[in-house]
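Remarks on the overall topology
The residues making up each chain are set out below.
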Amino acid sequence: MKNLVVLVSGSGSNLQAILDACEQGKINGRVSAVISNRPGVRGLIRAVQAGADAITIDHKLYASRAEFDAELSRRIDQYQPDFLVLAGFMRILTDEFVNRYVGKMVNIHPSLLPKYTGLQTHQRAIDAGDTFAGATVHYVTPELDGGPLIMQIQVAIAANDDALALSKRVLAAEHALYPQVIQWLCEGRLTLAEGIAHLDQKPLHLPVQMNNTSTC
Ligand SMILES: Nc1nc2c(c(=O)[nH]1)N[C@@H](CN(C=O)c1ccc(C(=O)N[C@@H](CCC(=O)O)C(=O)O)cc1)CN2
Ligand SMILES: NCC(=O)N[C@@H]1O[C@H](COP(=O)([O-])[O-])[C@@H](O)[C@H]1O
């Protein structure tokens, strides 16, 4: 059984999808700790309810990004995780931090990368007149949202969509996508070597393109 540490910044609905999948035996893993850069978020409550350690490292209390990342790394290393899972974690990580976990750290991003790195992804897709939005799970590298792609899920954009309505459908699709990818990681289907080997290439071949799923 693989040991997972999950980083959150807010609600933690993706964390919950992963916790549920672990509980149901759909992921051969266990979330040993959840770490948030923001205090009092629902993701921490979800961690406690699931029996995982719930840790707050408030980034506002650190003089620099590097000092925050150093403390984050110190706490993570206490758990010696097999994989580090970013689930709505909203801090840009330093190169030094990322390079400590390269090939074993993944993130879910709410766009069809490489389109729309960064923030406000749904509004940008709507403004661009795109017909599809979606989410991407990728390896985390120092380049923000630029790491090798693992898998994507597409969500159709409706003519009357606003960013909030679209975000809710994409989020539901994320809850189907992320546990699947985490299971692949835990099964060893996405080996560390593969992650490292592809760090200088992108996009990584996408093994599966899931259709739009409305349930999660
Ligand atoms: N070095 C990397 N760090 C992070 C990556 C990455 O690929 N490489 N992925 C992000 C996740 N992410 C989008 O998926 C993302 C998170 C945060 C931001 C951002 O602009 N953060 C601001 C603060 C925003 C806020 O607090 O609301 C900041 O850090 O100054 C952009 C994209 C995680 N980190
Ligand atoms: N750039 C990172 C980013 O925007 N991540 C997005 O934050 C949301 C977190 O929701 P959750 O806390 O309910 O899982 C998710 O939609 C995730 O894709």
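All figures in this text were calculated on a predicted structure; none of them were measured in a lab.

Quick look at the site of ligand 2
All residues adjacent to ligand 2 are Ser 11, Gly 12, Ser 13, Asn 14, Gly 88, Met 90, Ile 108, His 109, Pro 110, Leu 171 and Glu 174. The side chain of Ser 13 places a nitrogen or oxygen atom 2.5 Å from an oxygen atom of ligand 2. Relative to its unbound accessible surface of 450 Å², ligand 2 loses 83% to contact with the protein. Of all the elements in the fold, those that place two or more residues in the shell around ligand 2 are α1 (13-23), β5 (105-109) and α6 (163-187). When its residues are assigned to classes, the shell around ligand 2 shows four nonpolar, six polar and one charged. Here the shell around ligand 2 spans two domains, since at least three of its residues come from each of domain 1 (1-101) and domain 2 (108-216).

Points about the environment of His 138
By the element assignment, His 138 lies in strand β6 (residues 132-139). A relative accessible area of 2% means that His 138 is categorised as buried. Residues in contact with His 138, not counting those within four places in the same chain, are Met 105, Val 106, Asn 107, His 109, Leu 113, Asp 145, Gly 147, Pro 148, Leu 149 and Ile 150.

What to know about the UniProt feature "domain: Formyl transferase N-terminal" (unreviewed entry) in the protein
Here the UniProt-annotated "domain: Formyl transferase N-terminal" (unreviewed entry) positions come out as residues 2-182. Along residues 2-182 the backbone is 36% helical and 24% strand, and the end-to-end C-alpha distance reaches 10 Å.

Here's the deal with the environment of Ile 45
Relative to the helices and strands, Ile 45 is located in helix α2 (residues 42-49). Owing to a relative accessible area of 46%, Ile 45 belongs among the partly exposed residues under this scheme. Here the alpha-carbon distance between Ile 45 and Gly 12, two residues 33 residues apart in the chain, equals 9.1 Å.

Regarding the pattern of salt bridges
For the structure on display, the rule yields four salt bridges. The closest approach of N and O atoms between Arg 74 and Glu 71, which form a salt bridge, is 2.8 Å. With Arg 74 and Glu 71 both in helix α3 (residues 65-77) and three residues apart, this pair spans about one turn of that helix. Of the charged contacts, one joins Arg 169 and Asp 161 as a salt bridge, the two residues approaching to 2.5 Å between their closest N and O atoms.

Here we look at the UniProt feature "binding site: N(1)-(5-phospho-beta-D-ribosyl)glycinamide" (unreviewed entry) in the protein
The positions UniProt marks with the feature "binding site: N(1)-(5-phospho-beta-D-ribosyl)glycinamide" (unreviewed entry) are Gly 12, Ser 13 and Asn 14. Tracing the sequence through the fold places Gly 12 in the loop between β1 (2-8) and α1. When sequence neighbours within four positions are dropped, the list of residues in contact with Gly 12 reads Gly 43 and Arg 46. Structurally, the position occupied by Ser 13 is in helix α1. Among residues more than four places away in sequence, those in contact with Ser 13 are Arg 46, Leu 171 and His 175.

Remarks on the packing of aromatic side chains
Each aromatic ring pair is summarised here by two numbers: the centre-to-centre distance and the angle between the ring planes. According to the stated counting rule, one finds two aromatic pairs in the structure shown. Ring centres 4.9 Å apart and planes at 50 degrees place the aromatic pair Phe 97 and Tyr 101 in the tilted group. With respect to burial, Phe 97 and Tyr 101 carry one shared label: buried.

Considerations on the nonpolar core
Ile 18, Val 31, Val 106, Tyr 178 and Ile 182 are the most contacted members of the largest nonpolar core, which has 40 residues in total. When contributions to this core are tallied by element, the ones reaching two or more residues are β1, α1, β2 (29-36), β4 (83-86), β5, β6, β7 (149-156) and α6. By residue number, the principal contributor to this core is α6, which donates 10 residues. Among the domains, domain 1 (1-101) and domain 2 (108-216) are the pair contributing at least three residues each to this core. Not counting the four nearest positions on each side in its chain, Tyr 178 is found in contact with Asn 14, Ile 18, Val 85, Leu 86, Ala 87, Val 106, Asn 107, Ile 108 and Val 137. Residues Val 5, Leu 7, Ile 57 and Val 140 belong to the second largest nonpolar core, which totals 19 residues.

Each value, and the rule that gives it
Residues numbered from 1 in each chain as written. Chains lettered and ligands numbered in written order. Predicted model: local features only at pLDDT ≥ 70, side-chain atom pairs only at ≥ 80, totals over all residues. Heavy atoms only, no water. Near = heavy atom within 4 Å. Polar contact = N/O pair within 3.5 Å; in protein donor to acceptor, adjacent residues only side chain to side chain. Areas by Shrake-Rupley, 256 points an atom, 1.4 Å probe, with all protein chains shown as cover. Helix = DSSP H or I, 4+ residues; strand = E, 2+ residues; numbered from the N terminus. Nonpolar A, V, L, I, M, F, W, Y, C, P; charged D, E, K, R; others polar. Domains from an automatic or database assignment. Buried < 20%, exposed > 50% of the residue type's maximum accessible area, 1.4 Å probe, protein only. Contact = heavy atoms within 4.5 Å. UniProt positions renumbered as here; feature names shortened; annotations may be inferred. Salt bridge = Lys/Arg side-chain N within 4 Å of Asp/Glu carboxyl O. Phe/Tyr/Trp six-rings, centres within 6.5 Å; stacked < 30°, edge-to-face > 60°. Core = buried A, V, L, I, M, F, W, Y, C linked by side-chain atoms within 4.5 Å.

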